[in-house]
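Descriptive structure summary
What follows is the residue order along each chain.
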Amino acid sequence: MRTRRAGAAITAAAAVLGAVVATAPAAQAAPALPSGFALVDTPSGQQPGTLTDVAYLPDGSVLTTGRLGSVQWVPQGGQPVQIHNIPVYTGGSLGLTGIAVSPDYNTTRTVYTTQAVSDGSAKSFRLSKWRTLGTNEPTGLVDESIVLDFPANADNKGIQDIAVEPVTGNDPAKTVIWVAIGDNSNVQAPATATKDNVDQFALRALDPAQPTGKILRIRANGRGVEDNPFYSANDQTSWRSRNYLSGLRDPQVTLDPRGGVIVTDTGWAARDEVNLAFPGQNLKWPCWEGTTKTPGYQDLPACQNLANTEPLHETNHGTTDTILGGVPYMGTSYPEAYRGSHFIANKGAHRLSTLRYDTSGKVTQVATSFATDIGDPASVITAPNGDVVILDAATSTLRRVSYKPANKAPVAGFNATVDAATRKVSFDAGASTDPEREAVTYQWNFGDEGTGAGKTIEHTYAAGDRFTVTLTVTDVHGATATSNQVVLPGEASPELALNTPGLATVFSVNQAIAVGASTYDVVDGSIPVHWKAEHVRCVRDRSCEISPLQTGSGPDFTIAFPNETDGHVVITATAENSRAAVVSRRYIANPRLVRLQVLSSHSSQFQVATGESANRLVTAGSSIQFTAPQTALEGAAQFTRWSDNANPSPTRQITMGVADFTLKADYVSAIQKRYADDAAVRAWMGSPVGFELFESNSHWQQYAGGRLYWTAQHGVKVIGGTILVKYNGLGGHAFLGAPSTDELISRANGGDRLNHFVGSGSIYWVGATNTAYVIYGPSQEKWISLGADNSVIGYPTIDITGTPDGVGRYTHFSKENGSIYWHPSTGAFAVMGEIKRLWAAVGWETSVLGYPRTDELVGRENSDPGRAGRYSHFQNGSIYWSSGTGAREVHGEIGKKYLALNAELSVLGYPTINEGTPPDRIGRFNHFQGGSIYWTNATGAHEVHGEIKRRWESLGWETSYLGYPISDEYDIPGYKRSDFQFGYITYNLATGQVLDRRY
């Protein structure tokens, strides 16, 4: 199993995997870690470059897998031993990829593996169930049974990760296995990818009915789990029934003990992702990687209008950034700043980073570098004491990240058995423990200048009656503990026999543990017995805690099993004879364990008072307090009550009985609440179809009659009927975003309806024709600013449509002959009435005027009712309208001159004709209420008005001897004057006389 702690919960204070603190491989720089941290390296037994996965056994030893098929067992502090070689197909990156230990391993000895296999003609991916040989240490794998098997397409990204839920209680049939499967497509170089050359096999990742590109959630018999999102009781072994999450490329899966599932996905062209996984969701590979659309695939029909959800975390994919798994740190040895963090391995950067998010799924600390030059991580897992362990692909070494300042020293203890006839003494350090579950070394000083090493050892004394033996136990960080005993080689050891309830007896809280002891010594006969009871807790992801409970003396000892959750009681009886020789025996009283399962209607992270998992085996009769977060991990659903007693308080304290106990926290999403509270919505929507989905920063639920959408900004909104049909046809929320309003009654026509959407879009339904029209983007924003359906232009009568030039867009409306036209260089503006009619007559946007660049504006001279008017400016001109002139256009140099003169506020007033061509076909002109503007290329544009204009007109305009004007009218002393090409005209201010002259 990759990316998380593998194997069953540790149930004893056994020392775990370890060796010596090692340096990094010579080919790489030395690791850089925060102060106090060190890497503890252990060989995996796999060839360099082949290590794929690791699983811890209940005794703290390790099973490792190599891609070529090797399964190795690594005993605590010992050397790896190959116990099996699985025949596998090793083309490309395929082979033996994963291993996991069943939570009931102590009784069933079950492990699971994932691998690629071939029969010589066809290859497939397989999940297998095995039984390990051996009584204690595993010596082989036998009794393979196939849980899953399906055809392989390509030599990469196959079945590659497996996780087993840590607790099943007393029913092995309830085992839940999570399986991560890649998309198994052939890889095209992103730089040359097109829709025609990418492998479309990857599209199967989108289909819940296909196995590839998925996270599966199954029972040990291969059937889907009953509460899976697509589960069907009539087809329990279908891929849909097994499916939990879709749309993945190269995933690894992590089960967070607090609740929730984390999936890392190694990208292709742009992004690697870390995602919170929710049932039935689709992460949209191969159309998306993180927040980026993929080259080639994005142009395929299957990828059109697919919305994606932003991942929890993403990095740029490449040779220097390749995310390959992560695990939460749930231990207590690391400093507080790291507790609860999610550790992410980055193979390309040789880096370990930390990421934090809260119980509502919001990132509270972005990925921050923790350690560099840590090797080439293939994955990360969690050691039994909670430490993060890096699987170094380059050296096939396990690199445990240990924090030395928090290291707890080992505990030393041993028993000595004397064979008086031979003077041989057998020493057993089995009473020694290491709270950190790390490997320890044993050094002996036998008191006669003899020494030795090892957990068990024999020593023969040559002469002498009395010796003091010292055992020194040392952990990987150099912390030591010693224990001393007197041995008498020439005399038999004292004897001590325990009378106990037996190892099979288990105890509930406050249940009496009654033990007795009898002793015999060859000299003293019966000798006194002294008792010590200790409470030992070695829970998952924590170092062991040892605390004294009670002491006593005499032949009998009784203690009540403590009120604790899952530790055991170690009762030690010790007797010492008159010569100081000691004998001791231990009895371990194990708890009566029952299963506590705290479920939730929505994925949630429960906070247990002890900081541990809420789903585990706990002691019958123990009291446990835990708290449900107010908001579920998906960020919207709210806690409402506990299902068994309707208690609305999120904090709950329970006392466990003698039977398994399941409790469920009820969460209600905003969508569910509105549906429950609003009878009208329920009547319209009908029954739910499927489950609530999370996409594009919104949640939505399909119903028989429509949909409900939720966004944080707008809350829950309803959409249905013809508007929904139109919406879905356009691509739904992938195109327009979620609804920002309920379906509204039109203010323009009470029989019509409309919805607005967060992506600057609206759909308007015309009841009379049962037709829905869409408007979006800047055009919709303009419509909204004008008053939407209550505006002067009314409601849309066509969909927003592209203009013939392929650049702009337009929408026509129901009132005032209105339209909105948009162009990327001008924006969106409304044209209407007579101005629009004239614009249409001259050729719309293809005319010399181009696109509008203003809405229709009110003439600035409206204080004079007789000259009331309107105008719109366009890219290359304007159209003016007044009641006396109608709509007329001006453009080009004449338009510029008109605006320079202050347009309708000038002496010219409104235009009375469109721009025309004079008889000589040389120039251009416009007439206005108070004058004219004439233009030629040689003279430019100039205005003439009043008496001067009338004289020029009487002479024949530009055909007269004067030609075209070369100046506007200007003042000279006592006169007004306009100059022309070949003369001028003056107007006498005093007499009103008009004269025309040649130069």
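Residues numbered from 1 in each chain as written. Predicted model: local features only at pLDDT ≥ 70, side-chain atom pairs only at ≥ 80, totals over all residues. Heavy atoms only, no water.

We now examine the state of the cysteines. Taken as a whole and assessed by the stated rule, the structure comprises 2 disulfides. With its sulfur 2.0 Å from that of its partner, Cys287 forms a disulfide with Cys303. Residues Cys287 and Cys303 are joined through a disulfide that is left-handed, its torsion about the S-S bond being -75°. Here the residue Cys287 occupies a position in the loop between β17 (271–277) and β18 (288–289), and Cys303 occupies one in the loop between β19 (292–293) and β20 (313–316), the gap between them amounting to 16 residues. Each member of the pair, Cys287 as well as Cys303, is classed as buried. Note on cysteine connectivity: Cys538 is disulfide-linked to Cys544, with sulfurs 2.0 Å apart. Between Cys538 and Cys544 the disulfide shows an S-S torsion of about 120°. By sign, it is right-handed. The same class applies to Cys538 and to Cys544, which are both buried. (Disulfide = S-S within 2.5 Å. Helix = DSSP H or I, 4+ residues; strand = E, 2+ residues; numbered from the N terminus. Buried < 20%, exposed > 50% of the residue type's maximum accessible area, 1.4 Å probe, protein only.)

Attention now moves to the UniProt feature "domain: PKD" (unreviewed entry) in the protein. UniProt's feature table lists "domain: PKD" (unreviewed entry) at residues 420–487, given in the numbering used throughout. Across residues 420–487, the secondary structure splits into 0% helix and 53% strand, with the terminal C-alpha atoms separated by 11 Å. (UniProt positions renumbered as here; feature names shortened; annotations may be inferred.)

Within the fold, Gln597 resides in strand β43 (residues 593–600). Taking relative accessible area as the criterion, Gln597 reaches 18% and is therefore assigned buried. Not counting residues up to four positions away in its chain, the partners in contact with Gln597 are Ala614, Asn615, Phe661, Thr662 and Leu663. (Contact = heavy atoms within 4.5 Å.)

Time to look at the sheet that holds strand β63 (residues 869–874). Sheet architecture is open: 4 strands sit in the order β62-β63-β64-β65, paired in antiparallel fashion. In the strand order of this sheet, the two ends are held by β62 (857–858) and β65 (886–891), each with one partner. One ladder, built from 6 bridges, connects strand β64 (residues 877–882) with β65; its direction is antiparallel. Opposite Ile879, over in β65, you have Glu889 as the bridge partner. Helix-sheet contacts for helix α9 (residues 892–900) involve β63, β64 and β65, and the interaxial angle to β65 is about 105°. (Pairing = 2+ DSSP bridges. Axes fitted to C-alpha atoms, helices over the stretch in contact; angles between N-to-C directions.)

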